[in-house]
Structures are given as C-alpha cells and as structure tokens.
Amino acid sequence: MKRLIILLLVSTGLFAQNKNNPTVSKPKLENITLGGGCYWCVEAVYENLRGVHSVVSGFAGGNTVNPSYEEVSTGQTGHAECVQITYDPTVTSLDEIFKVFFSVHDPTTLNRQGADEGTQYRSVIFYQNPQQKKAAEEIIAALKKAKVFDRPIVTTIEPLKKFYKAKNYHQDYFAKNPSQPYCQLVIKPKVEKFEKLFKSRLKH
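Residues numbered from 1 in each chain as written. Predicted model: local features only at pLDDT ≥ 70, side-chain atom pairs only at ≥ 80, totals over all residues. Heavy atoms only, no water.

Caption draft 1: Structural detail: the sheet that holds strand S6 (residues 123–127). One open sheet holds the six strands; their spatial order is S7-S6-S1-S3-S2-S8, and the pairing between them is mixed. On the outer flanks of this sheet lie strand S7 (156–159) and strand S8 (164–165), each paired with one strand and no other. Relative to strand S3 (residues 80–87), strand S1 (residues 30–36) runs antiparallel, the two being bridged by five bridges. Looking at the pairing, threonine 33 lines up with glutamine 84 of S3. On top of the sheet, helix H2 (residues 39–46) reaches S1, strand S2 (52–60) and S3; it is set at about 170 degrees to S2, its chief contact. (Pairing = 2+ DSSP bridges. Helix = DSSP H or I, 4+ residues; strand = E, 2+ residues; numbered from the N terminus. Contact = heavy atoms within 4.5 Å. Axes fitted to C-alpha atoms, helices over the stretch in contact; angles between N-to-C directions.)

Pasting the structure below:
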C-alpha cells in the first residue's frame, strides 16, 4: 500500500487553465470508459475529481444491444458495469484518471470486487484510440514493475465498441442515496480513500 501511495503522489505535469485570458479557446473535452466493479462506486469517486465534467454509469464490452441492468446482472451479456468519464485535459490528465482508478479498486481479483462477483464486475479499461490503449498499457506495466500489488494485475484493456447508459435511477446513486446501507458500507469507504489520497485534487 505504501508503494502505491508513493507512486500516486509523484507529480505528472498537471495543467492549469488560464481563466484570465479571454483569447484562450475553450478546451476540448475528452472521455475514457472504465470498469472497476459496481459502477455506483466508481462514479461517486470521479464526480469529486477536479477537471471531470461528467460521469455516466452504464455498460460496455458485451454483445447485447441496449442491455438492461437486470440482463447485465446475469453475467451472460458480456457487458461490464462501467462509467464514461468526460474530462478537461487542461485540468486533469488521463494519467491521473488511471492513478485514481488503480487506487480505489482491486485490479487483482478476477471478475470480482468485494462481494460483487461475475464478469460484469471485471476490472477493465475501454480504449477509444491508440493513445488511450498505450497509456493504459504503460501504467499497468509501471505498476507491475514497481510491484505495487502482491498479486498479478488482471485488468483487461478492451476496445470500446459501444457504451450504453444505464437508467436514470442508477446515475448519481451515492449522492441521491447516501444513507442506503450499500452506500454506507461499500461506496463511502472508497470515496473517503480517494479523498485522502487525492486531497489536493478535489473539487471545491
């Protein structure tokens, strides 16, 4: 754990937008899709990261068209619960987003996060272009080289074919249901861990 914290605290050249210069053009937003177990957990974390404009919970990686939550929960669709993160690359970076990802979920448990089990809960990075794929490969290689985890990383790197948004009641779930037992027992500790590790990068 100590090695992971040290790795995460190394500065990676984050950028600051010049808000006082009217000639600065509006930054082009980018997005990345990640699966790290229950999407309620992952969504709650990234909604607090500076530079993130939106986080949408949904499904990707399978063959079923427009799947329902109930269908994905069977583990038969091939889809993973995931979030699509839209961010401003002048404020945060893909590298930082990946560092958050590997600090708030366990990338060494195959098709499982805690009590949530099945291929729909796999650890996965869905890339949209060669640059995202390369960045994903590089951070996984760095984590392996540094021996951050005691067990092998099983995170898959898959091309994003189609992202399907989950129904509205799945969006902003933690913010809307903070007292719900699952939120208190599972999501809240992940959010608190993120806030501790990335204190200087939180939205104000």
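That covers the picture; the talk isn't over yet.
Caption draft 2: Structural view of H2. Burial within H2 is extensive, with eight of its eight residues counted as buried. Turning to H2, its buried residues are Tyr39, Trp40, Cys41, Val42, Glu43, Ala44, Val45 and Tyr46. (Buried < 20%, exposed > 50% of the residue type's maximum accessible area, 1.4 Å probe, protein only.)

Caption draft 3: Fine view of the environment of arginine 112. Position of arginine 112 relative to the elements: it lies in strand S4 (residues 112–113). In this structure arginine 112 comes out as partly exposed when scored by relative accessible area, which is 37%. With 75 residues separating them along the chain, arginine 112 and glycine 37 place their C-alpha atoms 6.8 Å apart. If near-sequence neighbours (up to four positions away) are discounted, arginine 112 is found in contact with Glu117, Gly118 and Tyr121. Side-chain polar atoms of arginine 112 contact the backbone oxygen of glycine 114, separated by 2.7 Å. (Polar contact = N/O pair within 3.5 Å; in protein donor to acceptor, adjacent residues only side chain to side chain.)

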